[in-house]
Amino acid sequence: MPENAVLERMLADADPARTARDAKPDAAALMTRDRIIRRGAASRRRAPVVVGWASGLATAVAAVVVAFAVMIPHGVAVAGTPRPLDFADGGSVTQILDAAQADLAGDPGPAEPLRTVRSAVWAFTFGVDDERTEIVPQLTTLHWEPDLSGRMTIVAGEPYDPADAAANADAEVTSTGEVTTDLLIKAGQFNTPVAEPPGSSREDVRAALTAFGLPADPSSSEVVAAATSLLEQWTLTNEQESQLLAILAETGDAQALGTTTDRLGRPVAGLRMQSADGAAADVLLISRDTGRIVGVERTALLSEDPIPAGAVISYRMWDVEGLIE
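These figures come from a predicted structure and were not determined experimentally. (Residues numbered from 1 in each chain as written. Predicted model: local features only at pLDDT ≥ 70, side-chain atom pairs only at ≥ 80, totals over all residues. Heavy atoms only, no water.)

Caption draft 1: Main features of the nonpolar core. The biggest cluster of nonpolar side chains holds 39 residues, and the ones touching the most others in it are Leu-209, Leu-245, Leu-248, Leu-284 and Ile-286. Of all the elements, helix α6 (residues 220-231) adds the most residues to this core, at six residues. Those residues in contact with Leu-284, other than ones at most four positions away along the chain, are Val-224, Leu-245, Leu-248, Ala-269, Gly-270, Leu-271, Met-273, Ile-293, Gly-295 and Val-296. (Core = buried A, V, L, I, M, F, W, Y, C linked by side-chain atoms within 4.5 Å. Buried < 20%, exposed > 50% of the residue type's maximum accessible area, 1.4 Å probe, protein only. Helix = DSSP H or I, 4+ residues; strand = E, 2+ residues; numbered from the N terminus. Contact = heavy atoms within 4.5 Å.)

Caption draft 2: Main features of helix α3 (residues 93-105). Between its terminal C-alpha atoms α3 stretches 18 Å, which fits the 18 Å expected from 13 residues at 1.5 Å a residue. Taken together, the buried positions of α3 are occupied by Ile-96, Leu-97, Ala-100 and Leu-104. Around the axis of α3, the buried residues are gathered within 90° of arc, so they sit on the same side. Opposite the buried face of α3, at more than 90 degrees from it, the exposed residues are Thr-94 and Ala-105. Next to the buried residues of α3 lie α7 (238-251), β7 (255-261), β8 (267-274) and β9 (280-287). (Expected span 1.5 Å × (residues − 1). Arc of directions from axis to C-beta.)

Caption draft 3: Quick look at the packing of α3 against α7. As a packed pair, α3 and α7 sit with axes 9 Å apart at the nearest point and diverge in direction by 165°. Judged by the angle between their axes, α3 and α7 are roughly antiparallel. Read as a crossing pair, α3 and α7 show a hand that is left-handed. Counting all contacts with α3, which are made through Leu-97, Ala-100, Gln-101 and Leu-104, the residues of α7 involved are Asn-238, Glu-241, Ser-242, Leu-245, Ala-246 and Ala-249. Residue classes in the contact of α3 with α7 are distributed as six nonpolar, three polar and one charged. (Axes fitted to C-alpha atoms, helices over the stretch in contact; angles between N-to-C directions. Parallel < 35°, antiparallel > 145°, perpendicular 65-115°, else oblique. Left-handed = near helix turned anticlockwise from the far one by under 90°. Nonpolar A, V, L, I, M, F, W, Y, C, P; charged D, E, K, R; others polar.)

Listed below in structure tokens is the structure:
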């Protein structure tokens, strides 16, 4: 029996769940999966990650063994993954953030922080059993209430074979309109460290980020990691986004990439930050229209089969209402 099949059988035998194996994952499992996908390249040692959902055993591989560090310029395509965004010169970090702050101040944005988040998530995945790779976008709407009840709806994006060079050329997010998950979350079951709306002061926003793992003296990469987790659960006001960008500016170690259009065709400016271990780099995308954070893309800097160094391994984009029917 192939090694992967043996491993899967052993995991199945050890699985304590007694619900049907084809049952759909719950909200916690879905969000855990997304975090695994997003942070997959951050650890020093990479191995296939097998996730057993609480509702039964399902497998998802989101990361690989890493070996050595190399730096790949943005815009260089890596076979089998979406092409990195091409950036044109768009000023320094200070200029990009100053422009964002001006845009945020000139637009009212949400009147208050919202417990509703609409996002597009993409991941490079491969099966444990057949090692088949696939590019899989998903469009998610999450809404939750003060009593920690809520609803999560996932609309399928158009998947494609990463060997398809034509599809890889643009790698834009396209909705199929097919609802693959419509999950009701019972009261008390939504898991969050920030259940009440965060305030708008610098201290309030920092406290919210700290609840999502921000350390006392963070790097820009750590600010983006905590901010991504916060934005997975809350749609912030413009004032709060302004404070978040100010906290990012304080780190002093982000790199300006310039300007481009993202995978939804929106004009954005990009800031790059490398993880502390050098395993991955995140690109923060800031809208050139509103100043709001509209996306984060992650690139592997360390290489091991099946994901080479320089490969875009995941992204998350916000403000995608037009794609979700």
